[in-house]
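Geometric and topological summary
Below, each chain spelled out in residue letters.
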Amino acid sequence: MISRGRFFALSLGLALGLALGLVYAWLIDPVQLYNTTPPLLRSDYRHEWIRLAALGYVADGDMDRALARLKGLREEDVRDALAAMIEAYAAHGQPAPTMRRLTELARRLGVYTPAMSIYLETPGAPTGGILPTPIPTSPVPPVSLTPPPPTPTPPPVPEWTPVPSPYRVLSQNLVCGGTPGQLRVWVQAPPPPEPTATPSPRRPTPTPVGPRPLDGVVLWLLWADGADRAVTGLRPWVSPGYADFHLQPGVFYALSVEEPNAPVLSGLSLQTCPDGGMSSWEIVIERLPNE
Amino acid sequence: MRNLLLLGLVGLALGVTLGLLVGWVLWPVQYTNTAPAQLRQDYRNDYILMVAAAYQVEGNPDAALERLAQLEPEQPTRPLVELTETLIAQGGRPTDIRMLVRLAEALGATTPAMWPYLGGTP
């Protein structure tokens, strides 16, 4: 039978030893992990891993390998990182083949972002170009300040299926002077219809109301190897309905509103001005009144 | 008194053993915020391959070097060279080797083993 004193000494030693052992094992010399896996990475490194896995797929096109690299990672992490990457790449106008690969991977993983729309319409199709001459989908004829020079051979027409746009081109002008190589766009709503009632001689004639600039409208500029996006209203000192893009000489562009596959204008390209400088385009787009 | 001290020391030894067992084996510190440098070797190799692929897509050698430095800050190109030479020796995927060699060339880290993939001797 162990005495009370002996039991106390043993217990005290045990407790003290346990405490010392835990302090050493947890704080002084904890287990060092050198064989971790991607899911254990810090959040920023984890997102970087996902981006790299996506770029790996862009480079080698090996879907199984890309999925294996993403295995074990949280679905939310993969979705968020991939969606952010696609949006950023679309905003920077990355080449269409890159965007197409990213879109394929995203679709496989159940990720969807608005920037993917145009590439989802062209499964595996090689990129086409845009028609060589500006062709508005509205009946408004283009007004050019200078006669356009002979256009190069048009690249093939893209294979995506355009959908009817609720917008139309009201006017388009080729402009020489000012900042060259720009596409300046104004988006507006039509003025409200005038009252049909005959004005009373006692009442003053109402002042005509002009078109209303529309802010927050997403514009898509598409070309053979990429796409760019702008939103109206970010330069309110110009107009709440204004947005602009930079254009490259020799490239044919299509302009869509709201959705990338709803073009209002295609075959847009810069022209040479009489003074030898580059032109710009000024385009006014109007939202069609609701049926 | 001497017996009590002895028992206390035995308890201490048992306690330390138990504490180390719990702290190192049964319930070790859980790492959830690790860095790429702590990845298992096969994941490290994958990481290097992905960095080379990203360089092929983005064409940014500075970004690639920064990513490689996550594995070995002192000599960022060393893991790249080691993996490339290993894959060449083991007959790895030619597309992988070409991507790795291209990155090594951009970072000025080519070795004689890579020359056949550079399209000629330097």
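As shown above, the structure is provided for reference.
Remember, it's a predicted structure, so these values are computed and weren't measured experimentally. (Residues numbered from 1 in each chain as written. Chains lettered and ligands numbered in written order. Predicted model: local features only at pLDDT ≥ 70, side-chain atom pairs only at ≥ 80, totals over all residues. Heavy atoms only, no water.)

**Description of the nonpolar core**
Applicable threshold: Here, nonpolar core means buried Ala, Val, Leu, Ile, Met, Phe, Trp, Tyr and Cys residues that are tied together by side-chain atoms lying within 4.5 Å of each other. The cut-offs for exposure are 20% and 50% of the maximum accessible area for each residue type, with area from a 1.4 Å probe on protein chains only; residues under the lower value are buried, those over the upper are exposed, and the others partly exposed. Between two residues, a contact is recorded if the distance between any of their heavy atoms is within 4.5 Å.
Of all hydrophobic cores here, the largest spans 62 residues; its most connected members are Leu82(A), Ile86(A), Leu80(B), Leu100(B) and Leu103(B). With sequence-adjacent residues up to four places away left out, Ile86(A) is seen in contact with Met99(A), Leu102(A), Ala106(A), Thr113(A), Ala115(A) and Met116(A).

**What to know about helix 1 (residues 2-26) of chain B**
Under the convention used in this document: Runs of H or I in DSSP of at least four residues are treated as helices and runs of E of at least two as strands, each being numbered from the N terminus. For a helix, the expected span equals 1.5 Å multiplied by the residue count minus one.
Spanning 25 residues, helix 1 of chain B covers 34 Å between terminal C-alpha atoms, matching the ideal 36 Å at 1.5 Å per step. Residues Gly8(B), Gly11(B), Gly15(B), Gly19(B), Val22(B) and Gly23(B) constitute the buried set of helix 1 of chain B. Buried residues along helix 1 of chain B sit against helix 1 (4-28) of chain A.

**Considering a nonpolar patch on the surface**
This is how it is decided: Candidate patch residues must exceed 30% relative accessible area and have no salt bridge, after which like charges are joined if within 9 Å and Val, Leu, Ile, Met, Phe, Trp or Tyr side chains if within 5 Å. Here the Shrake-Rupley method, with its probe set to 1.4 Å, supplies the accessible areas, and only the displayed protein chains count as covering residues. Salt bridges are identified by distance alone: a Lys or Arg side-chain nitrogen within 4 Å of an Asp or Glu carboxyl oxygen.
Side chains of Val23(A), Tyr24(A), Leu27(A), Ile28(A), Leu18(B), Leu21(B), Trp24(B), Val25(B), Leu26(B) and Trp27(B) sit close together on the surface and give an oily, nonpolar patch of about 1,000 Å² of accessible area. Contributing elements (two or more residues each) for the nonpolar patch: helix 1 of chain A together with helix 1 of chain B. The element contributing the most residues to the nonpolar patch is helix 1 of chain B, with five residues. You can see Leu27(A) is positioned in helix 1.

**Quick notes on the packing of helix 2 (residues 43-60) of chain A against helix 4 (residues 75-91) of chain A**
Residues and elements named next belong to chain A. Short version of the rule: In this analysis an axis means a line fitted to C-alpha atoms, helices contributing only their contacting stretch, and an angle means the value between N-to-C directions, from 0 to 180 degrees. Oblique is the label for any angle not covered by the other classes, which are roughly parallel (under 35 degrees), roughly antiparallel (over 145) and roughly perpendicular (65 to 115). Definitions for this section: a left-handed crossing has its near helix turned counterclockwise from the far helix by less than a right angle. A right-handed crossing has that turn clockwise. The classification used treats Ala, Val, Leu, Ile, Met, Phe, Trp, Tyr, Cys and Pro as nonpolar, Asp, Glu, Lys and Arg as charged, and all other residues, Gly among them, as polar.
Interaxial distance between helix 2 and helix 4 falls to 9 Å at its minimum, and their mutual angle equals 60°. Regarding the angle of helix 2 to helix 4, the classification is oblique. Every pair of crossing elements has a handedness; the one defined by helix 2 and helix 4 is right-handed. On helix 4, the residues touching Arg46, His47, Ile50, Arg51, Ala54 and Leu55 of helix 2 are Asp77, Val78, Ala81, Leu82, Met85 and Tyr89. In terms of residue class, the contact of helix 2 with helix 4 is built from eight nonpolar, one polar and three charged.

**Considering the interface of chain B and chain A**
Short version of the rule: Throughout this description, a polar contact denotes any pair of N or O atoms lying within 3.5 Å of each other; where both atoms belong to protein, one of them has to be capable of donating a hydrogen while the other can accept it, and for residues adjacent in sequence the pair is counted only when both atoms sit in side chains.
The interface is formed by 45 residues belonging to chain B together with 44 residues belonging to chain A. The tally of links between chain B and chain A comes to four salt bridges. Our enumeration of links across chain B and chain A arrives at 14 residue pairs in polar contact (both at pLDDT 80 or more). Among the secondary structure elements, those contributing two or more residues to the side of chain B that touches chain A are helix 1, helix 2 (41-58) and helix 5 (94-106) of chain B.

These values are about where atoms sit, not about what they do.
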